[in-house]
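# Remarks on the overall topology
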Amino acid sequence: MSTTDTLLLEPSAISPTKRIVGELLRSREIAVGAVLVVVVALTTIKSPDFLFSSNGWRDLLLTPSLLLLLAVGQAVVIITRNVDLSVGSTLGLTAYFTGNLFVDHPGIPIIAVFLLGLLFGAFLGFVNGFLVTFFNVPALVITLGTLYIYRGIFLSWAGSSRINASDMPSSFLDLGTKQILTIPVLTIIGLVVLALVGYYLYTARGGRELYAIGSDPDAAVLYGLPVKRRVLGAFVLCGALAGLAGVVYAARYGTVSSGAGYGMELQAVGAAVIGGVAIFGGSGTVWGAAIGAFLLVTINRALPVVGISDFWQRAVVGALIIAAIVLDRVLSARQARRLVAARDETREQ
């Protein structure tokens, strides 16, 4: 065994406890979560009803549930060094599709509506993924186009009509307000999806390959990874979660008009980036994207409570996104310098 191999196999001089504490302190997810806690605490001090009113706790958990689903799907796509700008249109189109299922097929089981919404969204995501992977067109261009195509189909289909609460069964609409142990059902659905996707990315070979593809797509091809299949799967998953968000939207609000989901694609990208998902792919977690979704929605609810105008609400969100991207680049450059220094030190020894 060579000297270099011996050095590489030496155990770390840092104790496991210190190593874990150090990793936690450097965690982007914990940092964003701490900011979320501070925002909730300061707003609650200003107005206790923000958290302690009859609806305060429920709204704190329920309102971000839609963006949570979109952010999880968006994070998976961004990890592969792509982006899906059509998720807002997919959400709106699926929400209207959901309402029409109840209108055209009274008595249809609710579970069937959820499954059909998932499949419908997955199909729209498949279209995106197919065009991106097999025609080698940048995802930004393809999904910008499908954003307008899906929205146009939605506007042509819905026109000036809308789905009203009276068109949907009360058992479905109850999902928008029902709680289990003070936690809204729609939030539980979002958390279950988050756990499943997070577990897949962390433990499954396919999930780890998504990170490898995002880190260096050319190297992933040379290594023999199924790049096109994985990227296509990421878009299908993102579309399916946007479809699920559409069903959740219909249950949450009870009405669906042609404006449903408008602009939510940028919020989904913002939530993922703020939560630590690198915009250039290869790193980040869906846990961080979920916390970013909660932070974005909570800030939008908190700033009016403390008397800040709508303009500054948008400015704060924009500043958060820019700060997250700058921090990501700074940390990446710092990590690169450390790796180069470690390599040079090893060569000298």
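Read on for an overview of the structure. Just so you know, these numbers come straight off a predicted model, no measurement behind them.

Rules and cut-offs
Residues numbered from 1 in each chain as written. Predicted model: local features only at pLDDT ≥ 70, side-chain atom pairs only at ≥ 80, totals over all residues. Heavy atoms only, no water. Helix = DSSP H or I, 4+ residues; strand = E, 2+ residues; numbered from the N terminus. Rg over C-alpha atoms; globule rule 2.2 N^0.38 Å. Contact = heavy atoms within 4.5 Å. Areas by Shrake-Rupley, 256 points an atom, 1.4 Å probe, with all protein chains shown as cover. Lys, Arg positive; Asp, Glu negative; His and termini not counted. Charge placed at Lys NZ, Arg CZ, Asp CG, Glu CD. 1 Å grid on protein atoms, 1.4 Å probe; cavity = no way out; pocket = protein on both sides within 12 Å on 5 of 7 lines; lining within 4 Å. Points joined across faces, edges and corners; volume = space filled by probe spheres on them. Nonpolar A, V, L, I, M, F, W, Y, C, P; charged D, E, K, R; others polar. Expected span 1.5 Å × (residues − 1). Buried < 20%, exposed > 50% of the residue type's maximum accessible area, 1.4 Å probe, protein only. Patch = residues over 30% accessible without salt bridge, like charges linked within 9 Å, V, L, I, M, F, W, Y side chains within 5 Å. Salt bridge = Lys/Arg side-chain N within 4 Å of Asp/Glu carboxyl O. Axes fitted to C-alpha atoms, helices over the stretch in contact; angles between N-to-C directions. Left-handed = near helix turned anticlockwise from the far one by under 90°.

For the rest of this paragraph, the subject is the overall build of the protein. Helix and strand counts for the protein come out as 17 helices and two strands. Against the globule reference of 20 Å for 349 residues, the protein gives a C-alpha radius of gyration of 22 Å, in line with a compact fold. Taken along its principal axes, the extent of the C-alpha atoms in the protein is 75 × 55 × 35 Å. Within the protein, residue pairs in contact and separated by at least 24 positions form 77% of the contacts whose partners lie at least 6 positions apart. Accessible surface, the protein: about 17,700 Å² in total, of which carbon and sulfur atoms supply 67%. Here the protein contributes 24 positively and 19 negatively charged side chains, and the mean placements of these two sets differ by 2 Å.

All right, on to empty space enclosed by the protein then. Taken as a whole, this structure holds one cavity of 30 Å³ or more when the rule is applied. Counted as a void, the largest cavity has a volume near 40 Å³. In terms of lining residues, the largest cavity is bounded by Arg28, Val273, Val277, Ala278, Ile279, Ala324, Ile325 and Asp328. The element best represented in the lining of the largest cavity is helix α17 (residues 310-348), accounting for three residues. Split by residue class, the lining of the largest cavity holds six nonpolar, no polar and two charged.

Turning to helix α11 (residues 185-203), a few remarks are in order. Along an α-helix, residues three or four apart share an orientation, since each turn contains 3.6 residues. Taking 1.5 Å per residue as the helical rise, α11 with its 19 residues ought to reach 27 Å, and the 27 Å between its terminal C-alpha atoms agrees with that figure. Along α11, the residues classified as buried are Val185, Leu186, Thr187, Gly190, Val193, Leu194, Val197, Gly198 and Leu201.

Below, the discussion takes up unusual backbone geometry. In this structure, Arg81 is a non-glycine residue whose phi angle is positive, near 70 degrees. Tracing the chain through its elements places Arg81 in the loop between α6 (65-79) and α7 (87-104). With phi around 50 degrees, Asn136 is a residue other than glycine that occupies positive phi space. Of note, Asn136 is situated in the loop between α8 (110-135) and α9 (139-158).

The computed volume of the second largest pocket comes to approximately 480 Å³. Residue assignment for the lining of the second largest pocket shows that the elements contributing at least two residues are α15 (264-274), α16 (286-305) and α17. By residue class, the composition of the lining of the second largest pocket is nine nonpolar, five polar and three charged.

Taken together, Phe123, Phe126, Phe130, Phe134 and Phe135 make up a surface patch of nonpolar side chains, about 520 Å² in accessible area. Here Phe135 shows up in helix α8.

Among the 11 residues in α15, nine count as buried, and that is most of the element. Every buried residue of α15 is listed here: Met264, Glu265, Ala268, Val269, Gly270, Ala271, Ala272, Val273 and Ile274. Looking one or two residues past α15, Gly276 carries a phi angle of roughly 100 degrees, positive in sign.

The geometry of α7 relative to α8 is characterised by a closest axis approach of 10 Å and an angle of 145 degrees between their N-to-C directions. Considering how the two elements wind past one another, α7 and α8 form a crossing that is right-handed. Mapping the contact onto sequence places Thr90, Leu93, Thr94, Phe97, Thr98, Leu101 and Phe102 in α7 and Val113, Leu116, Gly117, Phe120, Gly121 and Leu124 in α8.

It is worth spelling out the environment of Val227 at this point. Along the chain, the position of Val227 falls in helix α14 (residues 227-253). Residues Val227 and Val256, spaced 29 residues apart in sequence, show a C-alpha to C-alpha distance of 37 Å. Apart from the residues within four sequence positions on either side, Val227 is in contact with Ile213, Ala220 and Val221.

Purely spatial values, then, with no claim about function.
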